[in-house]
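Next come the chains, spelled out residue by residue.
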Amino acid sequence: MSDIDESFIPSPPSDFYETEPDEAPPLQVRVRVRHEADAQIPLRAVRYSSRKKRWAQTSNCARGVREPLPSTIRLVTWNLDFTAPDRMKRLLAALSYIQQHVLDCRTTHERPEPCCILLQEVHESVFAQILNAEWVRRCFIVVPASVDKWPDQAKYGNVTLVSRTIPVVNVFTIAFSNSKMKRNAIFVDIKLSIPAHEDEPRLSGGIITLRVANTHLESMLEGAAARPRQLKLIAAALRGRGISGGIVAGDMNAISPTDETIVDEAELYDAWEGEEEEEGFTWGYQTREQLPPGRLDKVLTTSQEGFVVDQPERIGIGEVIGRGKWVSDHYGLVTSNHLVRLDGVQCHDQNTDALYLRNCGSSINRARPYYLMYFYAINDIPNNDSTSVQFVEVLFPPRNSSNVVECQPTLLQWSGGTGDILPGATPNGAAVENLGQQNSTSVTWVCNIQSGTSLGLTLRDSTGLTAQSAPFTVNPGCACFS
């Protein structure tokens, strides 16, 4: 099997445990191509082949993705401080700390749980040490492939590591045109599985694409004017076509009063739910700074429809490579992202009498009103329209829609009704798909039903009013669920 195909198998290649060479990979010559301002510039991830003794590019293609895939991933972010001395020792100490104390891999032969590691302020002089680290070679793909993929003339930048147990199907970067400090964001699109019900014969409830961004926004007080636009560019990219959800993590440099509103202005959500107090601060303690300590590092998400991000926890507190030599002036953060079914795990809060859609084992509670929707095979829907009422209207999918494609996302919309939308009057036969709980009048559904199947959508509001969509047929795609 080729190196490109291996990147999509959620297990190590057959030569995974061969001895790795000690030599560092050669640094590539910088080659620059001009792009439009703030353009999404395609990149290629690389993975190490111990058979060929070299790093090789992976394929940005989803056709090789197979189940089972992870439903939960760990996410680690850490700014490693390019300005302090002993850069190589500090980088290797940070990687060792993440390996052993965050992801619980006691040796380099142990594979971590599915995870993304987002590093900022990696100096160009130590980038090769990441590619030369045995644990990284064995267990991760790396983005970017070389420092020439950072913004032009950048001496340091962001590096993303994705465990090989997660398929990566797209990679790109945005170099911020308003940055005087050569800042950018790196994006990776990963495939994850929606958990299946225990009584379902399928491996999962479908495959979705999650976009993860690694960024370092403009620094210092003089960078305050640039940060809002930089974050809005990231937020827009996280809502790209075919993306079920997005997460951005890194050094947001939130040190100015204007930074208090930029997350809301970008229509993102902060995974940290505590107050702006010392227990959440990530910078200002491990070096003497002119500015007061603050929560500079953050994990932000798009609207969490179908996934939950746990409250981030600080890592790297007090880590040193010698007396008074901190691994970084920043603390890092670690969190977990859980995919949940939209009919979800309903956890009842006795204090508020509210329902929560979340993983009951997670440390975060997000109250959500919900709508319930079902798909039925069209042959099971009665020929008459006696169950339909004019007050609840399914706007999409329309009759004979050509936009419903297997393995691709489709926006379903409806209007009218009173209160929560509940299961519709059940046609003759069982539902072929339960879209579960919603909190708005639309939902993006990744079609995991075979092409050629004729379907209809039924919904009912809390007063008993019901509606059904026109029949529609699933169009051919890549059959990712097979």
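Residues numbered from 1 in each chain as written. Predicted model: local features only at pLDDT ≥ 70, side-chain atom pairs only at ≥ 80, totals over all residues. Heavy atoms only, no water.

1. Some thoughts on the sheet that holds strand E11 (residues 245-251)
Paired through their backbone hydrogen bonds, the strands of a sheet run either parallel or antiparallel. With respect to topology, 7 strands assemble into an open sheet ordered E1-E8-E9-E10-E11-E13-E12, the strand pairing being mixed. Pairing within the sheet leaves two strands with one partner each, and these edge strands are strand E1 (41-42) and strand E12 (269-270). Across 5 bridges, the pairing between E11 and strand E13 (residues 297-301) is antiparallel. Among the inter-strand pairings, glycine 250 is bridged to a residue of E13, identified as lysine 298. (Pairing = 2+ DSSP bridges. Helix = DSSP H or I, 4+ residues; strand = E, 2+ residues; numbered from the N terminus.)

2. What about the pairing of strand E3 (residues 54-57)?
Where strand E2 (residues 46-49) meets E3, 4 bridges bridge the pair, whose relative direction is antiparallel. Across the sheet, serine 49 pairs through a bridge with arginine 54, a residue of E3. Between the antiparallel neighbours E2 and E3 lie 4 residues, among them lysine 53 with a positive phi of about 60°.

3. Some points on helix H5 (residues 227-238)
For H5, spanning 12 residues, the distance from its first C-alpha to its last is 17 Å, which sits close to the expected 16 Å at 1.5 Å a residue. Residues of H5 that are buried: Arg227, Gln230, Leu231, Leu233, Ile234, Ala235, Ala237 and Leu238. Looking at the buried side of H5, the elements it contacts are strand E8 (168-175), strand E9 (184-193), strand E10 (207-216), E11, helix H6 (262-265) and E13. (Expected span 1.5 Å × (residues − 1). Buried < 20%, exposed > 50% of the residue type's maximum accessible area, 1.4 Å probe, protein only. Contact = heavy atoms within 4.5 Å.)

4. Focus on the confidence of the model for the chain
Overall, the predicted model of the chain reaches an average pLDDT of 76, with 66% of residues at or above 70. In the predicted structure, residues 344-393 sits below a pLDDT of 50 and forms 158 contacts with residues beyond four places in sequence or in another chain. The low-confidence segment residues 418-429 (pLDDT under 50) makes 43 contacts with residues lying over four places distant or belonging to another chain. (pLDDT = per-residue confidence, 0-100.)

5. What to know about unusual backbone geometry
Proline 144 follows valine 143 through a cis peptide bond whose omega is 0°. Turning to its location among the elements, proline 144 is positioned in the loop between strand E6 (140-143) and strand E7 (156-163). Phi is positive for aspartate 38, close to 60°, though the residue is something other than glycine. Taking the relative accessible area as the measure of exposure, aspartate 38 reaches 13% and is therefore buried. The phi dihedral of asparagine 253 falls on the positive side, at around 50°, and the residue is not glycine. Structurally, asparagine 253 is set in the loop between E11 and H6. Under the relative-accessibility criterion, asparagine 253 is labelled buried at 5%.

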